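Next come the chains, spelled out residue by residue.
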Amino acid sequence: MEKLPDNNIIYEDNHIIVINKPINVPVQEDSSKDIDLLTLIKNYLKVKYNKPGNVYLGLVHRLDRPVGGVMVFAKTSKAASRLSEEVRTNKIKKTYYAVVHGKVNNTGHLEDYLYKDNKTNTSYVVNKDKGKIAILDYELIDYKDNLSLVKINLITGRSHQIRVQFSSRGYPLVGDQRYNKNPVKNVNIALFAKKLEFIHPTTKELLSFEIELPNKYPFNFFDKK
């Protein structure tokens, strides 16, 4: 049985479990049939609590396979319903860090309409009547050798949103094999879910979880973090 490393578990109680998602592990099963995060967490819960049969685990938000960082999962259907409502109403605060080509403005507000082609798993900027609203705010943290380290407050959660919104403005993410016409080879996409804030589904307490950026290129290329 595949096992989730203990150091990937950030927090756990009776209702939720917060995970540091490993890079290049799919959140749920895909065509590759590689081990996925849902299965890893279910295996962990099954062993830890000696649960017979199937283990319930609610998926309330996603990260792309090549992206690592903080995620929350629900251990009960009630928690899943309440967290899903927080996601739907944009009450979960997600903070990402990314490294993009070029020098962006010190701060920015990006607003587009995106359409996802499910056949190609690719998103595009389209007219208002053809897409869903996509909004984010960002702050330039550091700039070096034509690379910008940006902190992103993701307001909506559209598929590939950060990648599409920056690349459509001429600032593609380093290592993005899909939306960067000249991606750096052998470098993973420079996007990381660094911080997650949400209201606990039962205690109503505001929870905040923040983890360190990966200690590898291009994140470790910058002095400021």
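Quick caveat, the model's predicted, so the values are computed rather than measured.

Enquirer: So what's going on with helix α2 (residues 77–88)? Which residues, and what values?
Expert: Along an α-helix, residues three or four positions apart point the same way, because every turn accommodates 3.6 residues. For α2, spanning 12 residues, the distance from its first C-alpha to its last is 16 Å, which sits close to the expected 16 Å at 1.5 Å a residue. When α2 is considered as a whole, its buried residues turn out to be A79, A80, L83 and E86. The buried residues of α2 occupy an angular sector of 125° when the element is viewed end-on, so they sit on one face. In α2, the exposed positions that point more than 90 degrees away from the buried face belong to S77, K78, S81 and R88. Where α2 is buried, its residues touch β2 (16–21), β3 (58–59), β4 (68–74) and β10 (191–199). Phi for N90, located one or two positions after α2, is positive at around 60°.

Enquirer: I'd like to hear about the pairing of strand β6 (residues 107–117), residue by residue, with values.
Expert: Summarising the sheet, β6 and strand β8 (residues 132–144) pair through 8 bridges and their orientation is antiparallel. Bridge pairing in β8 links D112 to A134. Looking at chain direction, β6 and strand β7 (residues 122–126) are connected through 5 bridges and run antiparallel. Paired with L114 across the bridge in β7 is V125. Taken together, β6 and the strand that follows it, β7, pair antiparallel across an intervening segment of 4 residues, in which N121 is found at a positive phi of about 55°.

Enquirer: Please provide a residue-by-residue account of the environment of Y56, values included.
Expert: Tracing the sequence through the fold places Y56 in the loop between α1 (37–48) and β3. For Y56, a relative accessible area of 42% translates into the label partly exposed. Placed 91 residues apart in sequence, Y56 and L147 show a C-alpha to C-alpha distance of 42 Å. In this structure, Y56 is in contact with A74, K75, T76, S77 and A80, ignoring residues within four places of it in sequence.

Enquirer: Please set out the environment of L147 residue by residue, giving values where relevant.
Expert: As for its placement among the helices and strands, L147 is situated in strand β9 (residues 147–154). For L147, a relative accessible area of 6% corresponds to the buried category. Sequence separation between L147 and L114 is 33 residues, and the spatial gap between their C-alpha atoms is 25 Å. Those residues within four positions of L147 in sequence are excluded, and the remaining contacts are V99, V100, H101, G102, D142, V174, Y217, F221 and F222.

Enquirer: Break down the nonpolar core for me, with residues and values.
Expert: The nonpolar side chains of soluble globular proteins are, as a tendency, buried together. Ranked by size, the top nonpolar core spans 35 residues in total, and within it I17, I41, F73, I152, I162 and F166 carry the most contacts. Listed by contribution, the elements that provide at least two residues to this core are β2, α1, β4, β5 (93–101), β8, β9, α3 (161–167) and β10. Broken down by element, this core gets its largest block of residues, 6 residues, from α1. The residues touching I152, leaving out its near neighbours within four places in the chain, are K94, T95, Y96, A98, L136, D137, Y138, I162 and F166. Judged by nonpolar contacts, the second largest core, of 27 residues, contains A74, I92, I211 and F219.

Enquirer: Help me get a handle on the pairing of β4, residues and values and all.
Expert: With respect to burial, β4 is a largely interior element, 7 of its 7 residues being buried. Alignment of β2 against β4, held across 6 bridges, turns out to be antiparallel. By the bridge assignment for β4, N20 is matched with V70. Pairing geometry for β3 and β4, over 2 bridges, is antiparallel. Looking across to β4, one finds that L59 is bridged to F73. As paired strands, β4 and β10 are joined by 2 bridges and run parallel to one another. Across the sheet, G68 pairs through a bridge with F192, a residue of β10.

What counts, and where the lines are drawn
- Residues numbered from 1 in each chain as written.
- Predicted model: local features only at pLDDT ≥ 70, side-chain atom pairs only at ≥ 80, totals over all residues.
- Heavy atoms only, no water.
- Helix = DSSP H or I, 4+ residues; strand = E, 2+ residues; numbered from the N terminus.
- Expected span 1.5 Å × (residues − 1).
- Buried < 20%, exposed > 50% of the residue type's maximum accessible area, 1.4 Å probe, protein only.
- Arc of directions from axis to C-beta.
- Contact = heavy atoms within 4.5 Å.
- Pairing = 2+ DSSP bridges.
- Core = buried A, V, L, I, M, F, W, Y, C linked by side-chain atoms within 4.5 Å.

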